[in-house]
Amino acid sequence: MTASTDLHDYAFLRAARGEPVPHTPVWFMRQAGRSLPEYLKVREGIGMLESCMDADLVTEITLQPVRRYGVDAAIFFSDIVLPLKAVGVDLDILPGIGPVVAKPVETLADVAAIPDLTPEHVPFITKAVQNLVAELGATPLIGFAGAPFTVASYLVEGGPSKEHAKTKAMMFGAPDVWDALMRKIGGIAAAYLEVQVEAGASAVQLFDSWAGALTPGDYREHVMPHSAKVLAAAGELGVPRIHFGVGTSNLLPLMGEAGADVVGVDWRTPLADGIRAVGDRAVQGNLDPTLVFAPTDVMTARAAEIIEAGRAAKGHIFNLGHGVIPSTNPDQLKALTEFVQAYPL
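This one's a predicted model, so the numbers in the text were calculated from it and none came from an experiment.

Concerning helix α12 (residues 216-235)
With 20 residues, α12 ought to run about 28 Å at 1.5 Å a step, yet its terminal C-alpha atoms sit only 24 Å apart, falling short of that. Where α12 bends most, at Val-223, the angle is about 55 degrees, and the proline Pro-225 comes one to four residues later. Listed as buried for α12 are Tyr-219, His-222, Val-223, Met-224, His-226, Ser-227, Val-230, Leu-231 and Ala-234. For α12, the secondary structure elements touched by its buried residues are α9 (148-157), α10 (165-173), α11 (175-199), β5 (203-208), β6 (241-245) and α13 (252-257).

Put into structure tokens, the structure is as follows:
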């Protein structure tokens, strides 16, 4: 077999396409670091964005959980605001706070001042992906980008927000600015995903972390068309597309309709309900991230329930229902990985 054939038939990609799998594939969101001592060691004294722009460091951090756990896919180490930084937006990621933008976007002129992303803006991404594909062999690499709504919320709010009041104020009160901003971010996200796929990524995930703040009607009118354009562009690259949001039980049908091959289901929604909501698509998820702090047998019993529920889906990729909590014991994730991969289908 050629390397491409090996990848094509690998469990993660087969599940994403809704094909029979040798075992339930598993990977973890935010798996690249956070709870790993080797991650903390290589990141010591290095800022988040600086880490994301060092191809050798990105390669090492992305590989760490694959070495440690033997997961079925690697997630590219980066951050959803990295493309904005790369095109020249004045922002930083502050420890304990998150992305902070020096001059929030308020006007059409502010939007127009943001350059479109080209491969020349992110040569370190191309290099890191190429390095990783060479190192990973038959383990697929997942590229990713932040969805337009979530990235827009950082740009408009100037940083993280629980209420997204300024974001919604623009969405409802200045629809011309909102539309221009979403188009701009959507174009950047699509270009960023294309860079990763062209360099060798085998699948992509679009993270819409804050979409759960929206009603279905508002999501359909103001957000879904822009996410759909990003996912459509990724679809033209011929790779599976995963769409994930947090607190999106009421949005799952729409997130699937936006163009996903796989819809991520967070832990708040029973997987069986998520499967019914997304229709004829694969699902990803959805163990509560706190269950890794429970006794191992409790954790694996709940994982078994999720795998059983996943049988009803077109395809099922096991994951936590959100990111790995930094204080997670890596040994628990190793045990969870081995349990899922060995679970009889």
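Now that the structure has been shown, the text picks up again.
Let's talk about the sheet that holds strand β1 (residues 74-75)
Ordered by their spatial adjacency, 7 strands build an open sheet running β1-β4-β5-β6-β7-β8-β9, and the pairing between neighbours is parallel. Across the chains shown, the open sheet's two edge strands, defined by having one partner strand only, are β1 and β9 (316-317). Relative to β9, strand β8 (residues 282-284) is paired through 2 bridges, and the arrangement is parallel. Within β9, the position partnered with Val-283 by the bridge is His-316. Against the sheet, α11 contacts β4 (141-146) and β5, and its axis sits at roughly 165 degrees relative to β4.

Things to note about the environment of Val-298
By secondary structure assignment, the location of Val-298 is in helix α15 (residues 296-310). Overall, Val-298 belongs to the partly exposed group, its relative accessible area being 39%. Between the alpha carbons of Val-298 and Thr-337 there is a distance of 15 Å; along the sequence they are 39 residues apart.

Regarding the pairing of strand β3 (residues 98-101)
The pairing of strand β2 (residues 91-94) with β3 spans 4 bridges and is antiparallel. Looking at β3, one finds that Asp-92 is bridged to Val-100. Hairpin remark: β2 followed by β3, antiparallel, with 3 residues in the connecting loop; positive phi at Gly-96, about 80 degrees.

Overview of the environment of Gly-264
Relative to the assigned elements, Gly-264 resides in strand β7 (residues 262-264). We classify Gly-264 as buried; its relative accessible area is 0%. Distance in space between the C-alpha atoms of Gly-264 and His-316 is 9.9 Å, their sequence separation being 52 residues.

Regarding the packing of α9 against α10
Packing of α9 against α10 leaves a shortest axis separation of 8 Å and a crossing angle of 105 degrees. Between α9 and α10, the angle is such that the two are roughly perpendicular. On the side of α9, the interface is formed by Phe-149, Ser-153, Val-156 and Glu-157, while α10 contributes Ala-165, Lys-166, Thr-167 and Met-170. Considered class by class, the residues forming the contact of α9 with α10 number 4 nonpolar, 2 polar and 2 charged.

Considerations on the packing of aromatic side chains
For any two aromatic rings, the description comes down to two numbers: the centre-to-centre distance and the angle of the planes. Considering all chains together, one arrives at 7 aromatic pairs under this definition. A ring pair is formed by Tyr-39 and Phe-77, whose centres lie 6.0 Å apart and whose planes are at 70 degrees; its orientation type is edge-to-face. Of the two residues, Tyr-39 is situated in helix α3 (residues 37-43) and Phe-77 in the loop between β1 and α6 (82-87); the sequence distance between them amounts to 38 residues. On the accessibility criterion, Tyr-39 (7% relative accessible area) is buried. Relative accessible area serves as the criterion here: at 5%, Phe-77 is assigned to the buried category. An angle of 80 degrees between the planes, with centres 6.3 Å apart, marks the rings of Phe-207 and Phe-244 as edge-to-face. In this pair, Phe-207 sits in strand β5 while Phe-244 sits in strand β6, placing the two residues 37 residues apart along the sequence. A relative accessible area of 2% places Phe-244 in the buried class. Counting every residue linked through ring pairs, the aromatic cluster contains Phe-144, Phe-207 and Phe-244.

Concerning the confidence of the model for the protein chain
Averaged over every residue, the pLDDT of the protein chain is 95; residues scoring 70 or more account for 97%. In the model, residues 1-5 has pLDDT below 50 throughout and makes 2 contacts with residues more than four positions away in sequence or in other chains.

Considerations on the pairing of β5
Summarising burial for β5: 6 of the 6 residues are buried, a large majority. Residues Ala-203, Gln-205 and Phe-207 of β5 are buried on one face, and the alternating residues Val-204, Leu-206 and Asp-208, pointing to the opposite face, are buried as well. Where β4 lies against β5, 5 bridges are found, and the strand directions are parallel. Counted as the bridge partner of Ala-145 is Leu-206 from β5.

Quick look at the pattern of salt bridges
Between side chains of opposite charge, pairing is possible as soon as their charged atoms come close. Taken as a whole and assessed by the stated rule, the structure comprises 14 salt bridges. Salt-bridge contacts for Lys-184 lead to Asp-116; the nearest nitrogen and oxygen are separated by 3.0 Å. On the criterion of sequence distance, the pair formed by Lys-184 in helix α11 and Asp-116 in the loop between α7 (108-112) and α8 (123-136) is long-range, its members being 68 residues apart. In this structure Lys-184 comes out as buried when scored by relative accessible area, which is 14%. With its nearest N and O atoms 2.4 Å apart, the salt bridge here joins Arg-276 to Asp-273. You can see Arg-276 and its partner Asp-273 sitting in helix α14 (residues 271-278), 3 residues apart, about one turn around the helix. Salt bridges linked by common partners bring Arg-14, Arg-17 and Glu-19 together as one network.

How each quantity is defined
Residues numbered from 1 in each chain as written. Predicted model: local features only at pLDDT ≥ 70, side-chain atom pairs only at ≥ 80, totals over all residues. Heavy atoms only, no water. Helix = DSSP H or I, 4+ residues; strand = E, 2+ residues; numbered from the N terminus. Expected span 1.5 Å × (residues − 1). Bend = angle between axes of the 7 residues up to and from the residue. Buried < 20%, exposed > 50% of the residue type's maximum accessible area, 1.4 Å probe, protein only. Contact = heavy atoms within 4.5 Å. Pairing = 2+ DSSP bridges. Axes fitted to C-alpha atoms, helices over the stretch in contact; angles between N-to-C directions. Parallel < 35°, antiparallel > 145°, perpendicular 65-115°, else oblique. Nonpolar A, V, L, I, M, F, W, Y, C, P; charged D, E, K, R; others polar. Phe/Tyr/Trp six-rings, centres within 6.5 Å; stacked < 30°, edge-to-face > 60°. pLDDT = per-residue confidence, 0-100. Salt bridge = Lys/Arg side-chain N within 4 Å of Asp/Glu carboxyl O.

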